[in-house]
Amino acid sequence: VMYFSNRTSNEEMDRFLKEDLEKLNKWVQSKLDINNKLVVPTIILYGYDDKNNEFFKECSDDKIRFMPIDSVFINFTDTQVLTYRIVFWLGGEIDKESSDEIFYKDIVSVKTENRKVGMLEDIPIAEFKLTTTGGTSISQRTFDLKAAEQAVQTIRNLLRTWKK
C-alpha cells in the first residue's frame, strides 16, 4: 500500500494511477481469460467511490485527485461485453471487485449523462450507463467525458454489427 502526503506531486499521483490501471487491465484480461478474444481495445472508466472518500481534493491544475478509485474495465468480444469493476487504492490494494457478462442481444440502452455535481459544481462529470433486458444496469461516473462517450460509441457500433 502506498501512502500519500501533501508532498506527493500531482504528476506522481497521475503516474501511479496510470501504472496501476495498466497492471490491473492485464490482470483483468487474464482473470477473464480474454487475452486473445477482444475485438476492440479495453475501455477503462474510473471515478471516485462516493461511499468511501478517504482522499479527495481539487488540485492546482484543476484536476480532481481521489482515493479509493472506483474503476470499470469494459471488454468487448464478438458476442458480449465483459465488465470488471475494481475499487482500489493507488499501489494496488483492492477493496472490492465484481464482474458482469452481458450479451449484445441483452443490451437495451447505453448512454452517457454529463452533469456537474455537489461540491464539484465547476467540474463536469459523465455517467456511463448500460442497461439490459432484465433491467439490470452497469454505471460508472468519470471525469473523463471523452472515454465515457467512446464506450457508448463502441457499444453502439458493435450492436449495429452484431444485429446485421
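Calculation notes
- Residues numbered from 1 in each chain as written.
- Predicted model: local features only at pLDDT ≥ 70, side-chain atom pairs only at ≥ 80, totals over all residues.
- Heavy atoms only, no water.
- Pairing = 2+ DSSP bridges.
- Helix = DSSP H or I, 4+ residues; strand = E, 2+ residues; numbered from the N terminus.
- Axes fitted to C-alpha atoms, helices over the stretch in contact; angles between N-to-C directions.
- Phe/Tyr/Trp six-rings, centres within 6.5 Å; stacked < 30°, edge-to-face > 60°.
- Buried < 20%, exposed > 50% of the residue type's maximum accessible area, 1.4 Å probe, protein only.
- Core = buried A, V, L, I, M, F, W, Y, C linked by side-chain atoms within 4.5 Å.
- Contact = heavy atoms within 4.5 Å.
- Expected span 1.5 Å × (residues − 1).

**Description of the sheet that holds strand β5 (residues 80–88)**
Next up, step 1: One open sheet holds the four strands; their spatial order is β1-β4-β5-β6, and the pairing between them is antiparallel. Among the strands making up the open sheet, the edge pair consists of β1 (40–48) and β6 (94–103). The average angle at which neighbouring strand axes cross in this sheet is 15 degrees, direction not considered.
Next up, step 2: The pairing of β5 with β6 spans nine bridges and is classified as antiparallel.

**Focus on the packing of aromatic side chains**
Next up, step 1: As enumerated under the stated definition, the model contains one aromatic pair in all.
Next up, step 2: An angle of 90 degrees between the planes, with centres 5.8 Å apart, marks the rings of Trp 27 and Tyr 84 as edge-to-face. Separated by 57 residues along the polypeptide, Trp 27 in helix α1 (residues 10–31) and Tyr 84 in strand β5 bring together distant segments of the chain.
Next up, step 3: Trp 27 sits in the partly exposed class, given a relative accessible area of 32%.
Next up, step 4: Classification of Tyr 84 by relative accessible area gives buried; the value is 5%.

**Overview of the sheet that holds strand β9 (residues 137–142)**
Through backbone hydrogen bonds, the strands of a sheet pair up, either in parallel or in antiparallel fashion.
Next up, step 1: If you walk across this open sheet you meet the three strands as β7-β8-β9, and the pairing is antiparallel. On the outer flanks of this sheet lie β7 (107–116) and β9, each paired with one strand and no other. Pairs of neighbouring strands in the sheet enclose a mean axial angle of 10 degrees, with direction left out of account.
Next up, step 2: Where β7 and strand β8 (residues 124–132) come together, nine bridges link them in antiparallel fashion.

**As for the nonpolar core**
Next up, step 1: The biggest cluster of nonpolar side chains holds 21 residues, and the ones touching the most others in it are Leu 45, Ile 74, Phe 76, Tyr 104, Ile 107, Phe 128 and Ile 155.
Next up, step 2: A per-element tally of this core places helix α2 (residues 145–163) first, with seven residues.
Next up, step 3: Residues within four places of Ile 74 in sequence aside, it is in contact with Thr 42, Ile 43, Leu 45, Val 81, Leu 82, Thr 83, Phe 128 and Ala 151.
Next up, step 4: Counting 19 residues, the second largest nonpolar core, distinct from the first, contains Met 67, Tyr 84, Ile 86 and Leu 90.

**A closer look at the environment of Gly 92**
Next up, step 1: By the secondary structure assignment, Gly 92 is in the loop between β5 and β6.
Next up, step 2: Since its relative accessible area comes to 34%, Gly 92 is described here as partly exposed.
Next up, step 3: Remark: the alpha-carbon pair of Gly 92 and Leu 17, spanning 75 residues in sequence, is separated by 9.4 Å.

**Notes on α2**
Next up, step 1: With 19 residues, α2 extends 27 Å from end C-alpha to end C-alpha; this agrees with the ideal 27 Å at 1.5 Å per step.
Next up, step 2: On its buried face, α2 sits against β1, β4 (69–76), β7, β8 and β9.

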